[in-house]
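Next come the chains, spelled out residue by residue.
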Amino acid sequence: MSDVSTALTTVVASTTLRATSTARPPAPVPTAPAAPGSLRVVRTKQLGRHTSAWDEMVATTPLSSPFLRSWWLRGVTATDPCYLLVFEDAVLIGGVALDRRWRLGVDRYTMLGAGRLCPDHLDLVARPDRAGAVALALQTWFSRPGSRILDLDGLRAESALATAVPHAQVRRSATTVWEPLGSAEAYYADRSKNLVRKVRRSRRRLENDGVRFRWIERNELERTLDDFVALHLPRPDRRPLLRRMPELRRTLAAGFDREEVAVLVAERHGRSCGVLIAFTTGGRLCTYQIARSLDHDLRDVGTLLYAVAVEDACAAGLTEIDLLRGDEDYKWTLASRSRDLHRLRASYGALGRLALAGTELAARVRPVLGRLRRSTKEALR
């Protein structure tokens, strides 16, 4: 096994879920019992002493999304974090992580961390034998009197959360592309001859030019993220992401400490020419962000970063590569299967229904106004 794959194996070998905070949460805001029996919903701003139990439940959810892990949720920027924790007697059996905004008399809830960082495969979390009870408890909480909007994007298909939100509109919002992994030989056997030929030729050319690939150590993370930013700066389309780098830095650092973030770099003569950020939660390789040099002689660095990552994931025993949100053409050369992501919208109370109708109208009008502004500018030239 190569040094690179050995490093990745080390990253994914640890299965111990370590609590990252021993602080007690702030005083929770309890509701009335959410369902007959001993179920109750508690609202709190942080997981605190329930962190370990939460992460254990995330590990049992379908796809075990890294974006549901406590280290990710704690690191992302939120307006008003709102964890709805479901207890049966004194035992935590599930919950959901939301962000709350208050506007014009209406509570607006989104998934915690949703937005520009594009978290995928989201859902409520629950003990496997209590998922139905958790959904019922949350359904009662969402249906209580008052005005509110739920706008929950990035949900996995067949999300249990969809059953917990009465009268919701659920639509496909995006696609993720993925491929099961076994051996590297089997993976390449299922790829096109053009890709296999490109990987072979590019590897030979880039290695002859001094390019090397390796997984970084924890003490290299900050410098590597500096390189990631520098590689993205020439691209105007990456500026919205770069504005979120402070929270991405602290989130990735926390994930690295939990051995669920892995970063692969391509280097030439000691300088980074490509960076691939990935997650290894749940025995899967989820490729999150990639930055590469735009120099012509380094044009295939991105392809080789993915190839090396897949080969090392196979050697480490990971079960699949998930390229996460987006169905760009290059992803279909690397994988052949897809999963849908859904967006759920629901409103409650007169103000909530009115506010959601206004939001949907604005979403329809915005593209029309954009086209009108562009056509006006062209006419005035």
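A brief structural summary. Computed from a predicted structure; not experimentally measured.

Analysis parameters
Residues numbered from 1 in each chain as written. Predicted model: local features only at pLDDT ≥ 70, side-chain atom pairs only at ≥ 80, totals over all residues. Heavy atoms only, no water. Buried < 20%, exposed > 50% of the residue type's maximum accessible area, 1.4 Å probe, protein only. Helix = DSSP H or I, 4+ residues; strand = E, 2+ residues; numbered from the N terminus. Pairing = 2+ DSSP bridges. Phe/Tyr/Trp six-rings, centres within 6.5 Å; stacked < 30°, edge-to-face > 60°. Lys NZ or Arg CZ within 6 Å of the ring centre and 35° of its normal. Arc of directions from axis to C-beta. Contact = heavy atoms within 4.5 Å. Salt bridge = Lys/Arg side-chain N within 4 Å of Asp/Glu carboxyl O.

## Here's the deal with the pairing of strand 9 (residues 211-215)
Burial of the side chains of strand 9 is restricted to one face: V211, F213 and W215 are buried, whereas none of R212 and R214 on the reverse face is. Sheet analysis places strand 9 next to strand 10 (residues 261-268), joined by five bridges and oriented antiparallel. Among the inter-strand pairings, R212 is bridged to a residue of strand 10, identified as E267.

## Details of unusual backbone geometry
Of note, the phi angle at E158 is positive, near 60°, even though the residue is not glycine. Inspection of the secondary structure assignment puts E158 in the loop between strand 7 (148-156) and helix 5 (160-163). For E259, which is not a glycine, the phi torsion comes out positive at approximately 60°. Tracing the backbone through its elements, the reader meets E259 in the loop between helix 10 (245-257) and strand 10. On the accessibility criterion, E259 (30% relative accessible area) is partly exposed.

## As for the environment of A313
Mapping A313 onto the fold places it in helix 11 (residues 301-316). Put simply, A313 and L285 are 28 residues apart on the chain and 6.8 Å apart in space, counted from C-alpha to C-alpha.

## Focus: the packing of aromatic side chains
Counting across every chain of the model gives 13 aromatic pairs. Summarising the aromatic geometry, the rings of Y306 and Y330 are spaced 5.9 Å apart at their centres and angled 40° between planes, so their arrangement reads as tilted. You can see Y306 sitting in helix 11 and its partner Y330 sitting in helix 12 (residues 329-334), a full 24 residues away along the chain. The class of Y330 is partly exposed, set by a relative accessible area of 38%. What links up through ring pairs into an aromatic cluster is the set F67, W71, W72, F279 and Y288. Seen from the ring of W141, R144 lies directly overhead, with NZ or CZ sitting 3.7 Å from the centre. Across the ring face of W178, the terminal group of R339 is positioned such that the distance to the ring centre comes to 3.9 Å.

## Describing helix 2 (residues 51-58)
Within helix 2, the full set of buried residues consists of T51, W54, D55, M57 and V58. All buried residues of helix 2 project into a common sector of 160° when viewed along the axis, lining one side. Packed against the buried residues of helix 2 are helix 3 (70-75), strand 3 (81-88), strand 4 (91-103) and strand 6 (125-126).

## Focus on the environment of P166
Looking at the secondary structure, you find P166 in the loop between helix 5 and strand 8 (169-180). The residues contacting P166, other than those within four sequence positions of it, are Q139, S143, A346 and Y348.

## Here we look at the pattern of salt bridges
Under the definition given, this model contains 33 salt bridges. A salt bridge links D151 to R343, with the nearest nitrogen and oxygen atoms 2.7 Å apart. Remark: R343 occurs in strand 14 (residues 337-348) and D151 occurs in strand 7; sequence separation between them is 192 residues. The exposure class assigned to D151 is buried, which follows from its relative accessible area of 16%. On the accessibility criterion, R343 (31% relative accessible area) is partly exposed. Among the ionic pairs, D297 bridges to R268, the shortest N-O distance being 3.0 Å. Pair noted here: D297 is in the loop between strand 12 (285-292) and helix 11 and R268 is in strand 10, with a separation of 29 residues, a long-range link. Judged by its relative accessible area of 34%, D297 is partly exposed. One salt-bridge network, in which partners are shared between bridges, spans R214, E220, R223, D227 and E267.

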